[in-house]
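Descriptive analysis of the structure
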Amino acid sequence: MTYVEDELADQPACWARAASQAARYAQVLPAPGERVAIVGCGTSYFMAQAAAALREDAGQGETDAFAASEFPHGRRYDRVVALTRSGTTTEVLDLLGRLRGHTPTTAVTADPDTPVRTAADDLAVLDFADERSVVQTRFATTALTLLRTHFGLHPDTAVTDARTALTEPLPQRLVDCGQYTFLGRGWTVGLAHEAALKMREAALAWAESYPAMEYRHGPVSVSTTGTATWMLGGAPDGLAEQVGGTGALWIAGRLDPLAELVRAQRLAVAVAASRGLDPDSPRHLTRSVILAP
């Protein structure tokens, strides 16, 4: 078993633990009414997108998401939350350093014994969700679970659905597809982006992601026999039928959308295995991007 297989299988337990610890970090996570930005890089950026959409849609305050390198320093926020598994990513540390002294910051991290300890004002530590694999799975979804719980939006069914996602067989013919498209709506757009990233990282697969309503505006043209379109969350009316008409395989999201992401992680590992690839060692990637001064 690869590290990533072992780590993605541990997600139900990690989610349950994060949900039980959310109250411990309530004072350093966004309060209702605050204007907040959530930032990250790569996978953490996509989790930031999902968390920001969840919080704002719940009426808890204006919430933006940015890649750490693209933070708009002309805007003012009551708090900035940085998601960083390693605690060493250059763009995140640079941003936290620039914000110190004028904007409160919280880092959600798996490793507090790193430069993020002094770069951020406060920490929320999820060390039990740390990973050895380059490819992120359980830390990302556990960090989002912590925030969902803090926002009062973590459903009781999420952990149960995650267990289902780990045990149900993947749909027939899915592993053999030549191209994958993931779709989302609202907070699940970030999850769709992350699902596509997993396919590219772990399996070197052609994978794309879009807001579901945007799929009709061009991207549907790539759908054909031998491709798959996977919806995370509820689909717009008529989209499943339209995709089916192209000959593509349509995968409906039946579980909690975060559990659907677990299914997509499993697909990435399965496609990697079918292609003789090691999903723990994706080409050109390292566990953390640390740039030279």
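Up top you'll find the structure we're talking about.
Definitions and cut-offs
- Residues numbered from 1 in each chain as written.
- Predicted model: local features only at pLDDT ≥ 70, side-chain atom pairs only at ≥ 80, totals over all residues.
- Heavy atoms only, no water.
- Helix = DSSP H or I, 4+ residues; strand = E, 2+ residues; numbered from the N terminus.
- Rg over C-alpha atoms; globule rule 2.2 N^0.38 Å.
- Buried < 20%, exposed > 50% of the residue type's maximum accessible area, 1.4 Å probe, protein only.
- Contact = heavy atoms within 4.5 Å.
- Lys, Arg positive; Asp, Glu negative; His and termini not counted.
- Charge placed at Lys NZ, Arg CZ, Asp CG, Glu CD.
- 1 Å grid on protein atoms, 1.4 Å probe; cavity = no way out; pocket = protein on both sides within 12 Å on 5 of 7 lines; lining within 4 Å.
- Points joined across faces, edges and corners; volume = space filled by probe spheres on them.
- Nonpolar A, V, L, I, M, F, W, Y, C, P; charged D, E, K, R; others polar.
- Pairing = 2+ DSSP bridges.
- Axes fitted to C-alpha atoms, helices over the stretch in contact; angles between N-to-C directions.
- Parallel < 35°, antiparallel > 145°, perpendicular 65-115°, else oblique.
- Left-handed = near helix turned anticlockwise from the far one by under 90°.
- Salt bridge = Lys/Arg side-chain N within 4 Å of Asp/Glu carboxyl O.

Before going further, it helps to examine the overall build of the chain. Within the chain one finds 10 helices and nine strands. Relative to the globule expectation of 19 Å for 293 residues, the C-alpha radius of gyration of the chain, 18 Å, shows essentially globular dimensions. Its C-alpha atoms put the chain at 55 × 40 × 35 Å along the principal axes. Expressed as a percentage of its 293 residues, the buried residues of the chain come to 57%. Sequence separation of at least 24 residues holds for 71% of the intrachain contacts in the chain that already meet a minimum separation of 6. Positive and negative side-chain charges of the chain, numbering 26 and 34 respectively, have mean locations separated by a distance of 1 Å.

The final tally for this structure, using the stated rule, is one cavity of 30 Å³ or more. For the lining of the largest cavity, the class distribution of residues is three nonpolar, three polar and two charged.

This brings us to the sheet that holds strand 4 (residues 105-109). Overall, parallel pairing links the five strands, which are arranged 2-1-3-4-5 in an open sheet. Two strands lie at the open edges of the sheet, namely strand 2 (63-67) and strand 5 (122-125), each paired on one side alone. For this sheet, the mean inter-axis angle between neighbouring strands, taken without regard to orientation, is 20 degrees. The pairing of strand 1 (residues 36-40) with strand 3 (residues 79-84) spans four bridges and is classified as parallel. Across the sheet, the residue bridging to Val-36 is Arg-79, located in strand 3. Packed onto the sheet, helix 3 (residues 43-57) meets strand 1, strand 2 and strand 3 and runs at close to 170 degrees relative to strand 2. Seen against the sheet, helix 4 (residues 90-99) touches strand 1, strand 3 and strand 4 and runs at an angle of roughly 160 degrees to strand 3.

Within the open sheet, the four strands sit side by side as 7-6-8-9. Their pairing is parallel. Pairing within the sheet leaves two strands with one partner each, and these edge strands are strand 7 (207-211) and strand 9 (249-251). Across the sheet, the axes of successive neighbouring strands diverge by a mean angle of 20 degrees, strand direction being ignored. For strand 6 (residues 179-184) and strand 7, the ladder comprises five bridges, and the chain directions are parallel. Across the sheet, Tyr-180 pairs through a bridge with Ala-207, a residue of strand 7. Contacts from helix 8 (residues 188-203) reach strand 6 and strand 7, with the element oriented near 175 degrees to strand 7.

In this section: unusual backbone geometry. Unlike most non-glycine residues, Arg-173 shows phi in positive territory, near 75 degrees. Its location among the elements puts Arg-173 in the loop between helix 7 (157-167) and strand 6.

What follows concerns the packing of helix 7 against helix 10 (residues 257-274). Relative to each other, helix 7 and helix 10 sit at 20 degrees, their axes nearing to 8 Å. Relative to helix 10, the element helix 7 is oriented roughly parallel. Here the hand of the crossing between helix 7 and helix 10 comes out right-handed. Within the contact between the two elements, helix 7 uses Ala-158, Asp-161, Ala-162, Ala-165, Leu-166 and Thr-167 and helix 10 uses Ala-259, Val-262, Arg-263 and Arg-266. Class assignment of the residues belonging to the contact of helix 7 with helix 10 gives a composition of six nonpolar, one polar and three charged.

Another point: the side chain of Gln-265. Along the chain, the position of Gln-265 falls in helix 10. By relative accessible area, which is 2% here, Gln-265 ends up buried.

For the rest of this paragraph, the subject is the pattern of salt bridges. Applying the stated criterion to the full structure yields 12 salt bridges. A salt bridge links Asp-113 to Arg-117; its shortest N-O distance comes to 3.2 Å. Looking at Asp-113, the relative accessible area reads 64%, which means it is exposed. Among the residues examined, Arg-117 registers a relative accessible area of 45% and is labelled partly exposed. A salt bridge links Glu-201 to Lys-198, with the nearest nitrogen and oxygen atoms 3.2 Å apart. Taken together, the residues span about one helical turn, with Glu-201 and Lys-198 both in helix 8 at a distance of three residues. Classification of Glu-201 as buried rests on a relative accessible area of 15%.

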